[in-house]
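What the coordinates show
Listed below, chain by chain, are the residues.
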Amino acid sequence: MGAEVVATTMKPFTLLIKPSGSDCNIDCGYCFYKDRSPEFGRGRQRMSEEVLERLVKDYMQLGFDVVGFAWQGGEPTLMGVDFFKKVVELQKEYGRAGQQVSNTMQTNGVLLDEKWCRFLHENKFLLGISIDGPREFHDRYRLDHSGAGTFERVMRGIENCKRHEVELSALVLLNNQNVEHPDELFDFLIENDLTYLQFIPCIETDPATGEAADFSITAGQYGDFLCRLFDLWYQYGPDKLNIREFDSLVTYYVMGHHTICTYSKQCAGFVVIEHTGDAFCCEFFVEPKWRLGNILETPLEKLATDSKKRAFARDKQRLCSQCLLCRYLDVCRGGCVKDRVRVGGGRAERPSYFCEGYKQFFDYTIPRFMEIAVAVENGSVGRHTRSADKVRLKVEK
């Protein structure tokens, strides 16, 4: 029997968990873990049962009606199916009757065989599978440790997911190659019936120069891409295709708030748990400055309300004068903090690396986002969204 659930007045948050740390079975050329400090681990890293049970128990017993576990890496499928069977068992043991559990997993898709997909479907996991477009784009950077492309293996994993009705989204990292080809990317994704999409702009620092790495994209490229992608989405039908960044803007104009942290006012929606049990404020800031403690030593509730966590959340509000005077301040809130500090040793109080691209995109699309929002409100246009029943388990006692 699980311990009694403790009532809390805390604002709900999601646990972002890295059970295999930075360990991965492929070797992407643009992976931000390549410059990871050795003190946070190299090679094989695995979460212990002690850490797993503590984090599930602490989190379930905070008493949130909906609890969100986001499993990332590295590559979380390296933990094996049995690890995640244990995850579900613990969620059921420590949850209260009627509590809803969301398990999402970000994966490269290489290991998604029949056994994996049966488990994922039965337990309502929602996957985000990294696919950078057709073979010529995907295999440019997403290689295995022998230097071979992974496209065929990823597509096989996607087909296995479809066969077993596993809910999934396609995660496309926009790099200096595929960002120039929005039409080819769009056609590929539609042809493969991938209708839940996320496009992630790549910006990493070259350690030798301190400037943007060669595989990164520019603000201008990002702006051009988003504008063309919007046209394709608008023509195809917003009710037939969910693009995460666009859906957040529709939600903003319908309900007054965003669904992604990039445009949110504060960075407060996550607590990151590494395989060791160490807790951090954000997956992009796993560094000593933002270490909150360890879940084996400090209850999760205290970690999540730590003064350092609150200070990190406020950092997003430290905006430069350019942002404060911008006509789009209420829409983007300065963008993601990592995009302000990633290149050139910047501080939180500076414009996003992608600022000019965002303004280009907003200039081009905001009137039509408002039009779509009105159509959603009056019921003339629907939204391409998932039923919670497909992606949440309900605890039964």
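Up top is the structure.
Now for a look at the structure at hand. (Residues numbered from 1 in each chain as written. Predicted model: local features only at pLDDT ≥ 70, side-chain atom pairs only at ≥ 80, totals over all residues. Heavy atoms only, no water.)

Applying the stated rule across the entire model yields 17 salt bridges. Its salt-bridge partner being aspartate 144, residue arginine 153 comes within 2.9 Å of it at the nearest N-O pair. Assessed through its relative accessible area of 25%, arginine 153 is described here as partly exposed. The exposure class of aspartate 144 is buried, given its relative accessible area of 12%. Of the charged contacts in the structure, one is a salt bridge between aspartate 330 and arginine 333, with a shortest N-O distance of 3.1 Å. Residue arginine 333 is classed as buried on the basis of its relative accessible area, which comes to 17%. (Salt bridge = Lys/Arg side-chain N within 4 Å of Asp/Glu carboxyl O. Buried < 20%, exposed > 50% of the residue type's maximum accessible area, 1.4 Å probe, protein only.)

Below, the discussion takes up the nonpolar core. Core analysis: the biggest nonpolar cluster contains 109 residues, and Phe13, Leu15, Leu55, Phe69, Trp71, Phe84 and Phe362 have the highest contact counts within it. For phenylalanine 84, the contacting residues outside a window of four places in its chain are Pro19, Trp71, Pro76, Met79, Met105, Trp116, Phe119 and Phe125. One finds Leu16, Ala70, Val272 and Phe280 within the second-largest nonpolar core, a separate group that totals five residues. (Core = buried A, V, L, I, M, F, W, Y, C linked by side-chain atoms within 4.5 Å. Contact = heavy atoms within 4.5 Å.)

Another aspect to go through is the environment of valine 101. Positionally, valine 101 belongs in strand S3 (residues 100-107). With relative accessibility at 3%, the residue valine 101 sits in the buried group. C-alpha of valine 101 to C-alpha of glycine 68: the two residues are 33 residues apart in sequence and 6.1 Å apart in space. Beyond its immediate chain neighbours, meaning those up to four positions away, valine 101 contacts Met60, Val67, Phe69, Gln91, Val391, Arg392, Leu393 and Val395. (Helix = DSSP H or I, 4+ residues; strand = E, 2+ residues; numbered from the N terminus.)

The next point concerns the packing of helix H7 (residues 219-236) against helix H14 (residues 355-377). At a minimum axis distance of 6 Å, the contact between H7 and H14 shows a crossing angle of 20°. The pairing of H7 with H14 is recorded here as roughly parallel in orientation. Here H7 and H14 pass one another in a crossing that is left-handed. Across from Ala219, Gly220, Tyr222, Gly223, Asp224, Leu226, Cys227, Phe230, Asp231, Trp233 and Tyr234 in H7, the residues of H14 making contact are Glu356, Gly357, Tyr358, Gln360, Phe361, Tyr364, Thr365, Arg368, Phe369, Glu371 and Ile372. Residues that form the contact of H7 with H14 fall into these classes: twelve nonpolar, five polar and five charged. (Axes fitted to C-alpha atoms, helices over the stretch in contact; angles between N-to-C directions. Parallel < 35°, antiparallel > 145°, perpendicular 65-115°, else oblique. Left-handed = near helix turned anticlockwise from the far one by under 90°. Nonpolar A, V, L, I, M, F, W, Y, C, P; charged D, E, K, R; others polar.)

For glycine 157, the location among the structural elements is in helix H5 (residues 151-163). Taking the C-alpha atoms as reference points, glycine 157 and asparagine 108, 49 residues apart in sequence, are found 9.0 Å from one another. Residues contacting glycine 157, with those up to four places away along its chain left out, are Gly109 and Leu112.

The next subject is the packing of aromatic side chains. In this structure the tally under the stated criterion is 39 aromatic pairs. Judged by centre distance (5.7 Å) and plane angle (25°), the ring pair of phenylalanine 230 and tyrosine 234 falls under stacked. Residue phenylalanine 230 and its partner tyrosine 234 are located together in helix H7, separated by four residues, close to a single helical turn. Classification of phenylalanine 230 by relative accessible area gives buried; the value is 0%. (Phe/Tyr/Trp six-rings, centres within 6.5 Å; stacked < 30°, edge-to-face > 60°.)

Another point: helix H8 (residues 244-255). Taking 1.5 Å of rise per residue, the twelve residues of H8 would be expected to cover 16 Å, and the 16 Å separating its terminal C-alpha atoms lies within 8% of that figure. Within the span of H8, buried status applies to Glu245, Phe246, Asp247, Ser248, Leu249, Val250, Thr251 and Tyr252. At its buried positions, H8 is contacted by strand S6 (196-201), H7, strand S7 (242-243), helix H12 (329-332) and H14. Following H8 by one or two positions, glycine 256 adopts a phi angle in the positive range, close to 85°. (Expected span 1.5 Å × (residues − 1).)

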